[in-house]
Amino acid sequence: MSAHRLPFTLDEYSARLAACRGAMGRAEIDILLVSSPENINYLSGYYNVGNAMYQALLVPLDGECRFVLRKLFFEGIGGVSWITTGVAVPDTESMLDATGAEIEAMGGGRLRIGYDGADMHLPADIVDGLRAWLPKATVVAAGGIVESGRVVKSPREIDIIRQACALSVRAM
């Protein structure tokens, strides 16, 4: 995706991803399962209207990030994200199986997989299922990794917040 179609530059998204990976390294997480819409958006620019459904961005400590999305949403990924790799899961197939297979394909079968245990968009059956799917991996709660980067605002984020505030004042 070209940078002009995203609200932030590719350099800014790269810096966010680097900060996330730094926090992952400190927490000894090899692959982070990001499932909250706001954290997925922060790292990738991706958003959709199906936020009530489970979706994931798999972030490895090194290498390419991968989405696990319903096929309907994956089809348009190039229009809303700079990350365009992953798996499109038909509605007739299991999101758990797709997530487990993607983690295995990323070499995660024996690694530490982190997830945000407080995320209401991550069903418990996905976490429990991943433990069964990847019996030699360690699946651990790792909340706050993405959020630790989100609390520090870039100049562009501050500019957008100011614009939103000005629009709110005009609307009142």
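Before going into details, it helps to say that this report is about the structure given with it. Everything numeric in this text was worked out from a predicted model, so none of it was measured. (Residues numbered from 1 in each chain as written. Predicted model: local features only at pLDDT ≥ 70, side-chain atom pairs only at ≥ 80, totals over all residues. Heavy atoms only, no water.)

### Brief notes about the overall build of the protein
Filter applied, for reference: Strands here mean DSSP runs of E at least two residues long; helices mean DSSP runs of H or I at least four residues long; both are numbered from the N terminus. Only C-alpha atoms enter the radius of gyration; for comparison, a globular chain is expected to reach 2.2 Å times N to the power 0.38, where N is the number of residues. When accessible area is computed with a 1.4 Å probe and restricted to protein chains, residues below 20% of their type maximum are described as buried, those above 50% as exposed, and intermediate ones as partly exposed. It only takes one pair of heavy atoms within 4.5 Å for two residues to be counted as in contact. Here the accessible surface of atoms and residues is derived via Shrake-Rupley with a 1.4 Å probe, and residues count as covered only by protein chains that are part of the display. In summary, the charge assignment counts Lys and Arg as positive and Asp and Glu as negative, without counting His or the chain termini. Positions of charges follow a simple convention, taking NZ of Lys, CZ of Arg, CG of Asp or CD of Glu.
Along the backbone of the protein there are seven helices and six strands. In sequence order, the protein lays out its α and β elements as α-β-α-β-β-α-β-α-β-α-β-α-α. Here the C-alpha atoms of the protein give a radius of gyration of 16 Å, agreeing with the 16 Å that 2.2 N^0.38 yields for 172 residues. Dimensions along the principal axes, computed over C-alpha positions, put the protein at roughly 55 × 35 × 30 Å. Out of the 172 residues in the protein, the part that is buried amounts to 44%. A separation threshold of at least 6 residues defines the contact pool for the protein, and within that pool the share at least 24 residues apart is 65%. Total accessible area on the protein stands at roughly 8,900 Å², and carbon and sulfur atoms take up 57% of it. Distance between charge centres in the protein, computed from 16 positive and 20 negative side chains, equals 5 Å.

### Some remarks on the sheet that holds strand β2 (residues 56-60)
Counted only if it meets this: By the convention used here, strands pair only if DSSP detects at least 2 bridges between them. Only C-alpha atoms enter the line fits that serve as axes; for helices the fit covers just the stretch in contact. Angles between N-to-C directions range over 0 to 180 degrees.
Strands sit in the order β4-β3-β2-β1-β5-β6 across an open sheet of six strands; the sheet is mixed. Every other strand in the sheet has two partners, leaving β4 (86-89) and β6 (138-141) as the edge strands with one partner each. In this sheet, adjacent strand axes meet at a mean angle of 20 degrees when their direction is disregarded. Looking at chain direction, strand β1 (residues 31-34) and β2 are connected through four bridges and run antiparallel. Bridged to Val34 within β2 is Leu57.

### A few points about the packing of aromatic side chains
Here is the rule: Two aromatic rings from Phe, Tyr or Trp, using only the six-membered ring of Trp, form a pair when their centres are within 6.5 Å; if the ring planes differ by under 30 degrees the pair is stacked, by over 60 it is edge-to-face, and anything between is tilted.
For the coordinates displayed, the defined rule picks out three aromatic pairs. Taking 6.0 Å as the distance between ring centres and 80 degrees as the angle between the ring planes, the aromatic pair formed by Phe8 and Tyr13 counts as edge-to-face. In this pair, the class of Phe8 matches that of Tyr13, namely buried. Consider the rings of Tyr13 and Trp82, whose centres lie 6.4 Å apart with planes at 35 degrees: the pair is tilted. Of this pair, Tyr13 sits in helix α1 (residues 10-26) while Trp82 sits in the loop between α3 (71-74) and β4, placing them 69 residues apart in sequence.

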